[in-house]
Structure formats: C-alpha cells, structure tokens
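Each chain, letter by letter, is given below.
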Amino acid sequence: MKEFSKGHERLEEILRYIHGNYSVNLTNKTIGERFGFHPNYISSIIKNYTGMSLHKYLLYVRISRAAELLNGTSLSVGEIADRCGFCDIFYFSRYFKHYMKSSPLEYRNKNNGI
C-alpha cells in the first residue's frame, strides 16, 4: 500500500507540474527528464490516470485556462493564446473551437453577456 501511495504522490506532482508549466513546450521527454522517468512511462501514467494522451491532456489544460482568461480578463485572444502556450493564434482558435464548440471571441461574448 505504501508503494501505491508513493506512486500516487509522484503522479500528483507530475500533474501539478503540468498545470504550473502548461505555457511552455512540455513533452513526455521533458517531463520524464524532470522527474527521472522514461518518456514512455510518463505517457503511460498520464493516459492511465486521465484517459487522455499527454498531448490531449495538455491541450485540455491549456484550453481550460484560456477559457478562464477569456471570462476573467480583457486580454486579447492573441495574448491569451501566447500565455497558454500556443505559438500560433490560428492553431489556438482551431483547438479552442473544437473543445469549446465556439470560437474564442464567441465564447467570450456568450459568457460575458454581450
């Protein structure tokens, strides 16, 4: 049981790291190097715990944060995309629309009563 608890703590630490560093280029390799695990192991535990690949989980975290920023700030869509780790506003807009079912501006307007 102690072994499970220790593994769960490491997983929580990895997830906190992802949530705290979503704005930089994170890969299974960079996370693996940070925590001393093989990149494939990082991919495996993220998938087992979240049901998503690391790439999809990272997109989920970034899009969730972007939605918060769209609702709570007057930052431009470009600034939000940049802060959330997207190097291209078109890439950001495409994924935002895919996950949130509206463009970033439509989402902001809908949720701010405009």
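Residues numbered from 1 in each chain as written. Predicted model: local features only at pLDDT ≥ 70, side-chain atom pairs only at ≥ 80, totals over all residues. Heavy atoms only, no water.

1. Points about unusual backbone geometry
Even without a glycine there, the phi angle at K101 is positive, about 65°. With relative accessibility at 66%, the residue K101 sits in the exposed group. (Buried < 20%, exposed > 50% of the residue type's maximum accessible area, 1.4 Å probe, protein only.)

2. Topic: the packing of aromatic side chains
A complete count under the given rule lists eight aromatic pairs for this structure. With 5.8 Å between their ring centres and 55° between their planes, F86 and Y91 make a pair best called tilted. When its relative accessible area of 30% is taken as the criterion, Y91 is described as partly exposed. Aromatic ring contacts, followed pair by pair, group F86, Y91, F92, Y95, F96 and Y107 into a single cluster. The ring of F35 has R34 sitting right over it, with the charged end atom 5.0 Å from the ring centre. The ring of F86 has R62 sitting right over it, with the charged end atom 5.9 Å from the ring centre. (Phe/Tyr/Trp six-rings, centres within 6.5 Å; stacked < 30°, edge-to-face > 60°. Lys NZ or Arg CZ within 6 Å of the ring centre and 35° of its normal.)

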